[in-house]
Each structure stands twice: as C-alpha cells, then as structure tokens.
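Examining the three-dimensional arrangement
Chain by chain, the residues run as shown.
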Amino acid sequence: MIDLHDTPALISRLFDVIETDIAAKTQKGVAAGNKIFGAAILRKSDLSLVLAETNNEVENPLWHGEMHAIKRFYELPAEERPSPRECLFLATHEPCSLCLSGITWAGFDNFYFLFSHEESRDSFAIPYDIQILREVYAVPDPGKNEAPPDRPLYNRTNRFWQSHDITRMIAGLDRGNREALLARLDDIAALYADLSAVYQKGKGRRGIPLA
C-alpha cells in the first residue's frame, strides 16, 4: 500500500497508470480522431485503479478525457463504485473549464494533473482551455477591456477540491527522486508528443467543433 504522503511513490504510481492504463486507451482514441487527453480514477486507500478513460469527442464533444472517465465511473454498479471522496482523480492534462466543473459536480475532492494548460497550448497545439477560461470566465476589472493576463485562471484550492500539479510536486523532491522521476516524465512527454503528432495530422476530419 502506498502512502499518499510518500510523494515519490505516489508520483511513480501515477506515472504507471498514465503509461500503462491511460495511454493504451488514448492510442486507440487518437487513431479514431480524438484528442490526446485522458484520465483515471484510483482508490485513495491503496491506489488501485478503478478505471481509466480517454477523450471520446468523436462520439460527443462533451466527452473530454475527464468527463468520459466520470461518465464511466457512474455507469459502474453502485455496489462496486467507491465514493468519489474515497478516490484520487488523475488527469493527463490540466482540466479545462468543463472538466473542472465535472470534477466538482461529481463529488471528487481532488485532482492531479501532469501537463499544464500552457503545455496543452504550446506543446500540443490545443489552446482552447486557456482561451475559454479567459474569454468566458475572466471578468475584466472596472473600466478595462480584459482581465489582467497574470490573473490565475481558476482557484487551485477551494471549498470543493484541491488540485495537484505533478511537475511542481517533482520539483520539490530531493535530487535523487527528482532526477529519477524527471527521466520518466521525459519518456511520457515523448509518448504524448508522438500521440499529438498523429492527432494534429488528422484533426478536423471528424466533426469535433473545437478540433
């Protein structure tokens, strides 16, 4: 059993889930025309996997990786489904406004993410998370046309949940653990760069509104 406070072991387990459980589904999803975002739900008690899912916008533009995972989670038989409060929510990419709301309404009190909104925009050529948060939710100060660009896009810790940036967690570790996990992160980043190249090559052909 892994202690949630044992940060290197926790991150290593999250990387295992991304590489083994989420990425396999994402490879199939990208081949079908979906984006690269995926998610998983784990039990806090032992970090065993409840389920992993990936983006399925080809079926429904609301089925982002996180939303699709939540959908599948609530399709589990009630007697087999743990309470959301007993679960850890993992997203490969920082959740967008839709998924932040989905996580909240579904009752999860946490989420962990690997790639930031800025990486989604700059490394994976998907800018909509930041654009929507700024255009729809960032109310300008009085007399201004837009909100200050350095204003946080959302409250990372609030009454509903606490978010955890895995990259920042790694940065706070001792040198040995930090270097080992950064090496794994490089491998995962390379995997997702390859998936992104496949998606970018074929995007726009499947009728996804924001491809």
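Residues numbered from 1 in each chain as written. Predicted model: local features only at pLDDT ≥ 70, side-chain atom pairs only at ≥ 80, totals over all residues. Heavy atoms only, no water.

A look at the overall build of the protein
In terms of helices and strands, the protein carries 7 helices and 5 strands. Ordering the α and β elements of the protein from the N terminus gives α-β-β-α-β-α-β-α-α-β-α-α. In terms of overall size, the protein behaves like a compact globule, its C-alpha atoms giving a radius of gyration of 17 Å where 211 residues would be expected to give roughly 17 Å. Residues counted as buried form 45% of the 211 residues belonging to the protein. Contacts in the protein between residues far apart in sequence, at least 24 positions, make up 63% of those at least 6 positions apart. Accessible surface, the protein: about 10900 Å² in total, of which carbon and sulfur atoms supply 51%. For the protein, the separation between the mean place of its 24 positive charges and that of its 30 negative charges on side chains is 4 Å. (Helix = DSSP H or I, 4+ residues; strand = E, 2+ residues; numbered from the N terminus. Rg over C-alpha atoms; globule rule 2.2 N^0.38 Å. Buried < 20%, exposed > 50% of the residue type's maximum accessible area, 1.4 Å probe, protein only. Contact = heavy atoms within 4.5 Å. Areas by Shrake-Rupley, 256 points an atom, 1.4 Å probe, with all protein chains shown as cover. Lys, Arg positive; Asp, Glu negative; His and termini not counted. Charge placed at Lys NZ, Arg CZ, Asp CG, Glu CD.)

Considerations on the packing of helix H1 (residues 7-31) against helix H7 (residues 175-202)
One can describe the packing of H1 onto H7 by two numbers: an axis separation of 11 Å at closest approach and a directional angle of 10°. Here H7 runs roughly parallel to H1, going by the angle between their axes. On H7, the residues that touch Pro8, Ile11, Ser12, Phe15, Asp16, Ile18, Glu19, Ile22, Ala23, Thr26, Gln27 and Val30 of H1 are Asn177, Leu181, Arg184, Leu185, Ile188, Leu191, Tyr192, Leu195, Val198 and Tyr199. Of the residues assigned to the contact of H1 with H7, the class counts are 15 nonpolar, 4 polar and 3 charged. (Axes fitted to C-alpha atoms, helices over the stretch in contact; angles between N-to-C directions. Parallel < 35°, antiparallel > 145°, perpendicular 65-115°, else oblique. Nonpolar A, V, L, I, M, F, W, Y, C, P; charged D, E, K, R; others polar.)

Here's the deal with the packing of aromatic side chains
A full pass over the atoms with the stated rule returns 8 aromatic pairs. For the pair Phe73 and Tyr74, a centre-to-centre distance of 5.1 Å together with 85° between the ring planes defines the contact as edge-to-face. Judged by its relative accessible area of 0%, Phe73 falls in the buried class. On the basis of relative accessible area, Tyr74 is assigned to the partly exposed category, the value being 40%. Cluster of aromatic residues (ring-pair linked, three or more members): Phe73, Tyr74, Phe89 and Phe108. (Phe/Tyr/Trp six-rings, centres within 6.5 Å; stacked < 30°, edge-to-face > 60°.)

Here's the deal with helix H3 (residues 97-106)
Buried within H3 are the following residues: Ser97, Cys99, Leu100, Gly102, Ile103 and Ala106. Check the buried side of H3 and you find it contacts helix H2 (65-75), strand S3 (87-93), strand S4 (110-115) and helix H5 (128-137).

Quick look at the sheet that holds strand S5 (residues 162-165)
Strand order in the open sheet formed by 5 strands is S2-S1-S3-S4-S5, with mixed pairing between adjacent strands. Both outer strands of the open sheet, strand S2 (49-54) and S5, are each paired with one neighbouring strand and no more. When strand polarity is set aside, the average angle formed by the axes of neighbouring strands in this sheet is 20°. One ladder, built from 5 bridges, connects strand S1 (residues 38-43) with S3; its direction is antiparallel. Within the sheet, the bridge partner assigned to Ile41 lies in S3 and is Phe89. Along the sheet face, H2 touches S1, S2 and S3 and points at about 135° away from the line of S2. Set on the sheet, H7 makes contact with S3 and S4; between it and S4 the angle comes to about 75°. (Pairing = 2+ DSSP bridges.)

Geometric values such as these leave the question of function open.
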